[in-house]
Every structure is written in C-alpha cells, then in structure tokens.
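# Residue-level structure breakdown
If you want the building blocks of each chain, they are given just below.
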Amino acid sequence: NTSRQEEFDVVVVGGGPAGSTLGSLVAMQGHRVLLLEKETFPRYQIGESLLPSTIHGIGRLLGVTEDLAKAGFLQKHGGTFRWGANPTPWNFTFSVSPKIAGPTSFAYQVERSKFDKILLDNAVRKGVEVRQQCSVSDVIEDDGRVVGVNYVDAAGTERQAFARYVVDASGNTSRIYKRVGGNREYSEFFRSLALFGYFENGKRLPPPSFGNILCAAFPSGWFWYIPLSDTLTSVGAVVRREDAAKIQGDPEKALHDLIDECPLIQEYLADATRVTTGQYGQIRVRKDYSYHHTTFWRPGMALVGDAACFVDPVFSSGVHLATYSGLLAARSINTVLAGRLDEQPAFDEFEVRYRREYGVFYEFLMSFYDMHVDENSYFWQAKKVTRNSHTELESFVSLVAGMTSTDFELSDAESAAMRFKERSTEFADAVDNLVSQEQHNMAPLFKSSVVRQAMREGAQVQTRAQLGEYAGAEAPIFEGGLIASTDGMFWEAPSGSR
Ligand code: FAD
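Residues numbered from 1 in each chain as written. Predicted model: local features only at pLDDT ≥ 70, side-chain atom pairs only at ≥ 80, totals over all residues. Heavy atoms only, no water.

### Some remarks on the packing of helix 1 (residues 17-27) against helix 4 (residues 112-125)
- Two elements in contact, helix 1 and helix 4, have axes whose closest approach is 8 Å; the angle formed by their N-to-C orientations is 20°. As summarised for this structure, helix 1 and helix 4 are arranged roughly parallel, according to the angle between their axes. Where helix 1 crosses over helix 4, the handedness of that crossing is left-handed. Residues P17, S20, T21 and S24 of helix 1 form the contact with helix 4, whose own contacting residues are R112, F115, D116, L119, L120, N122 and A123.
- Across the contact of helix 1 with helix 4, the residue classes tally to five nonpolar, four polar and two charged. (Axes fitted to C-alpha atoms, helices over the stretch in contact; angles between N-to-C directions. Helix = DSSP H or I, 4+ residues; strand = E, 2+ residues; numbered from the N terminus. Parallel < 35°, antiparallel > 145°, perpendicular 65-115°, else oblique. Left-handed = near helix turned anticlockwise from the far one by under 90°. Contact = heavy atoms within 4.5 Å. Nonpolar A, V, L, I, M, F, W, Y, C, P; charged D, E, K, R; others polar.)

### Structural notes on the environment of V352
- Positionally, V352 belongs in helix 9 (residues 343-371).
- Leaving out residues up to four positions away in the same chain, V352 has contacts with I477 and F478.

### Observations regarding the site of the ligand
- In the vicinity of the ligand, 37 residues are found, and the nearest of them are E37, Q45, I46, S49 and D306.
- One of the side-chain N or O atoms of E37 is found 2.6 Å from an oxygen atom in the ligand.
- V319 is positioned such that a nitrogen or oxygen atom in its backbone is 2.8 Å from an oxygen atom of the ligand.
- Burial of the ligand by the surrounding chains reaches 97%, relative to a free accessible area of 1,000 Å².
- Taken atom by atom, the bulk of the ligand overlaps the largest pocket. (Near = heavy atom within 4 Å. Polar contact = N/O pair within 3.5 Å; in protein donor to acceptor, adjacent residues only side chain to side chain. Areas by Shrake-Rupley, 256 points an atom, 1.4 Å probe, with all protein chains shown as cover. 1 Å grid on protein atoms, 1.4 Å probe; cavity = no way out; pocket = protein on both sides within 12 Å on 5 of 7 lines; lining within 4 Å. Sits in = over half its atoms within 2 Å of the grid points.)

### Describing the packing of helix 2 (residues 52-62) against helix 8 (residues 318-337)
- With their axes 10 Å apart at the nearest point, helix 2 and helix 8 run at an angle of 25° to one another. Taken together, the axis directions place helix 2 and helix 8 in an arrangement best described as roughly parallel. Every pair of crossing elements has a handedness; the one defined by helix 2 and helix 8 is left-handed. Residues S53, T54, I58 and L61 of helix 2 form the contact with helix 8, whose own contacting residues are V319, H320, T323, Y324 and L327.
- Classifying every residue of the contact of helix 2 with helix 8 gives five nonpolar, four polar and no charged.

### So, the nonpolar core
- Membership of the largest hydrophobic core comes to 117 residues, with the highest contact counts inside it found for V10, W83, V149, W222 and F350.
- The biggest single contributor to this core is helix 9, with 12 residues.
- Ignoring any residue separated from it by four or fewer positions in sequence, one finds W83 in contact with W90, C215, A217, W222, V314, F368, Y369, H372 and W380.
- In terms of nonpolar packing, the next biggest core, distinct from the first, is built from 25 residues, L195, F199, F218 and L269 among them. (Core = buried A, V, L, I, M, F, W, Y, C linked by side-chain atoms within 4.5 Å. Buried < 20%, exposed > 50% of the residue type's maximum accessible area, 1.4 Å probe, protein only.)

Set out below in structure tokens:
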C-alpha cells in the first residue's frame, strides 16, 4: 500500500558527494528536489584524498568553501610517490611552478563522514528536501520514460515519488543503475582489490609535505598512506584480485603481511597502533572497483558518480568525478527545466564531457602503472601496457592540480581575469619546462600532444567558479557541442552558432 503521491522536479538517489552536489545545484535554481539517502549521516565512506578542483571549483559553486576551511581537514599540497625507477620517494605538488603557487593550490585529506555531511547539510540549506533512512528499490517507468522511484521510508512504509528526472547517485552498490539501459563494464587492467584500515601515531612526512598522500609501490601492489589528522592515518593496500582468498582468511594478518613486504610503509607504521573501535575499527575490503557503464542517461534518468563509473584510486579521482558529474548533470537538468534546450543535446553534452574526463584519467592511470618497474612481480608485470606511447598524459597537470587561481581579488574581477590569463600561460610554460627536464620523475608522463586542450578544460570549472562572466568565452569540446553559461549552471549554444 503506497502513501500519497508526491511530485518533484528531480529525485536524487544517494546523498554522497555526487548526489548532494547535483541536488544543491538544481535546487539553487528554485527547482523542487527530493534527495533519498539510505543511511543516516554521518556515515563511513572510503575516498579521503581530494583534488583542488573539488574544493576550489565545485566547492565554491556550492558555497561550502568556508565550511570546509573551518572543518579542520589537513591541507594536501600534493603527493609523495615511491614509484617508477627511482628508489627514493619523490614529490608532486599542486603548484607546478613556484611562480603560480597560490591560495588554491591545495586540497584536503578528509574524513568522509565529516566531508559528506558538510555537503549534505549544505544541500538542505540550498533547499533540497533530504530524507535519510530512505532506501530506493526501483524506478517507475511510463511510456519509455523514467518518471519516479519506489522507496521504503524510515518507518518501513513503501512509498513512491514522481519527478521529471531521477538521478542515480547511489554509488558502487546502486540497485537501480541498470534501469538506465546498457551494461556496467569492469576493467580487466585495473582488476584489483583493496584492503584497508586506520592507524594512530603513524609517522608523518616532513613539512611542507606533511599533508601529502604517500603512495608506495611494492612487489604485491601499492600502498596508500593518507594522513587524516596529526595522528590518524588511512592505510590501504591495492593488490591483485587473485589474492582475494589470502585476504579473506584473516584480514588483519593479511594487512600486516603486506605491510611487512613494503619497507617504507613498515617504517612509517613502526610506532603506530591500528584503530580497533568506532567507524575506523574494521579492516575493510573492496574488490573489482574499476568500471564504467555503457550509457549514462535515458529519458528521465541519469547516472552520476560511482553509479556511473569509477577508476582506480591512485590519483584520488573518485570524489572529483562524482562532484564534476554532479555539476555536468545539474547543468543539463537546469537547462531543460528552464526550457532553454531540448533534453537530447543537453544530456548528450553531460555524457560526452563526463566520459571524456573518465577516459583521460583512465589513460593516464594506465601509463602511471606502466611507469613502475618490477620484473619479478606478477602484479607489476600485469600492468605493462603494450602500446608504446603515453597518450594524454600531460592532462595530469590539470587533472591533478586543477588550475591554480592565485590571489584573486574578486572586487576587481576584470583585472583578476587578466592576471589569470597571464598565469595560464605561465602554467603551460611550466608544463613545457617539466617535459624538457628529462631527469624529472614526471617527465615521461607529459609527452603527449593534447596538453593544451586538456589543461584548458581542466581549468575551466575552476576559472568560472572564481571569475564568473569575466572568465571569458569557452569553446565547445566537440563539433556542434554546447558550452557552460557564464554562471556555470546551464548549457548553451556557443555564440554565433545559431
Ligand atoms: P557514495 O559516496 O558511495 O555515496 C552514495 C550514497 O548513496 C551513500 O551514502 C549510500 O548510502 C547511498 N545509497 C546507496 N544505495 C541507496 C539506495 N538504494 N537508496 C538510497 N540511498 C542509497 N576517491 C577519492 O576522491 N580519493 C581517494 O583517495 C579515494 N580512494 C578510494 C579507495 C578505494 C579502495 C575505493 C574503492 C575508492 C576510493 N575513492 C577515492 C573513490 C570514492 O570512494 C568514490 O568515488 C566516491 O565516494 C563516490 O561518490 P558518490 O557520491 O558517487 O557515491
């Protein structure tokens, strides 16, 4: 027996970063948004190391910059890698050139329970109706279109909610993603398994790398070591899927055996104790976590975040792709609801941009794995890519760093825009410089031809968030494609194309 029929403009399924971003950006246009979340926040989630564009680009559009700054998260200025041919760890910083280092060339290492709650509370403030302990079981269709969802509310009552759009943001365990059509395709290359836990009093990198993520390759795979506070550290091993049996037997022993295989992590944890209580008390396992769905939307429905795709965690791309896809889909929905464009072009734009962002990370990550050499290891031998080029690698700079927007005074946005453009050139020069330094650890990763385009686009969200209309005109990314409106909330045809 279902209760009264409710109608909204959008129903969002899932209140993680993808769902709360999308819900907020649609509600900010005055639309009625219902967000249904299965759990009660704060809830645990993995994915703690973020990228600058999430904080300074989308965070700014959402209006959470100050909330995030006040939350006390550790600032992350880059990554430290024991990876490649070099036996000593090397650093990558978000400001590729000291000249363009600025107040936005950092991200945060976050406790996801806190971070996700900040975004969800913000969605409520922006007008989203958030209902927790509500689990969506299926979508409702009418005449080939998705028109709503069935869900069970906190009291255990089966209910329905109808909307012009249903957005699946319910993550990797989504129950409804298949209803978009197509298939979820798992990556053979990234077919891995992660085993992770939390430690108190692990060692810290010396300043200024104190807040960096540390990634260390070892024979069975690689470790992440993410400082979450002065004393708390998230530690995880990524290993072959074939090692699953070993791990499931006794995860505690398996984790310690892996730590013993990796001298750097062993050293960092020498005086540490594993947390055994609370949200961090368990050792957890995640398998087969790289996949993409073959279609991202159908009339009335779209997939965002992990419900749509996920690629290997080594470059902290998960929350970036989740929030970025939330922004792209929000633009499509806002555009159609405002009657500015038809559904097909508006959602095709979402899909093309999202797929490309995913694809660039995917390509880049394959080459990053290819870079590590260990001829005696099954794990690393399986990561040898047979192609001889490192395609699309330069985009690493924009992907990982985002554009450093430096010292904008927004009261003087026009001159800030000028300065930004000058700095963009410096940024491009800094990359050229890196490429020319053959001895630089990152040099092999910057040898592809598409650097300018990828850099410009990676920077656009952030530029627009910082400068609004002063950011200047964008170019479409494909023939006949759309561009973002100056406020970043809609799609529109480029001027002169109509
Ligand atoms: P989620 O964060 O999963 O949120 C989905 C929400 O939907 C949840 O709150 C869930 O309760 C809710 N939900 C589920 N089903 C239903 C339902 N039926 N009805 C209602 N609600 C529902 N990313 C990074 O950026 N940095 C990292 O360092 C990083 N490390 C990672 C390490 C590993 C081993 C893995 C596997 C992933 C890592 N990630 C990392 C990726 C990151 O965890 C995800 O990409 C990110 O959480 C995706 O956000 P989301 O909003 O799509 O989904």
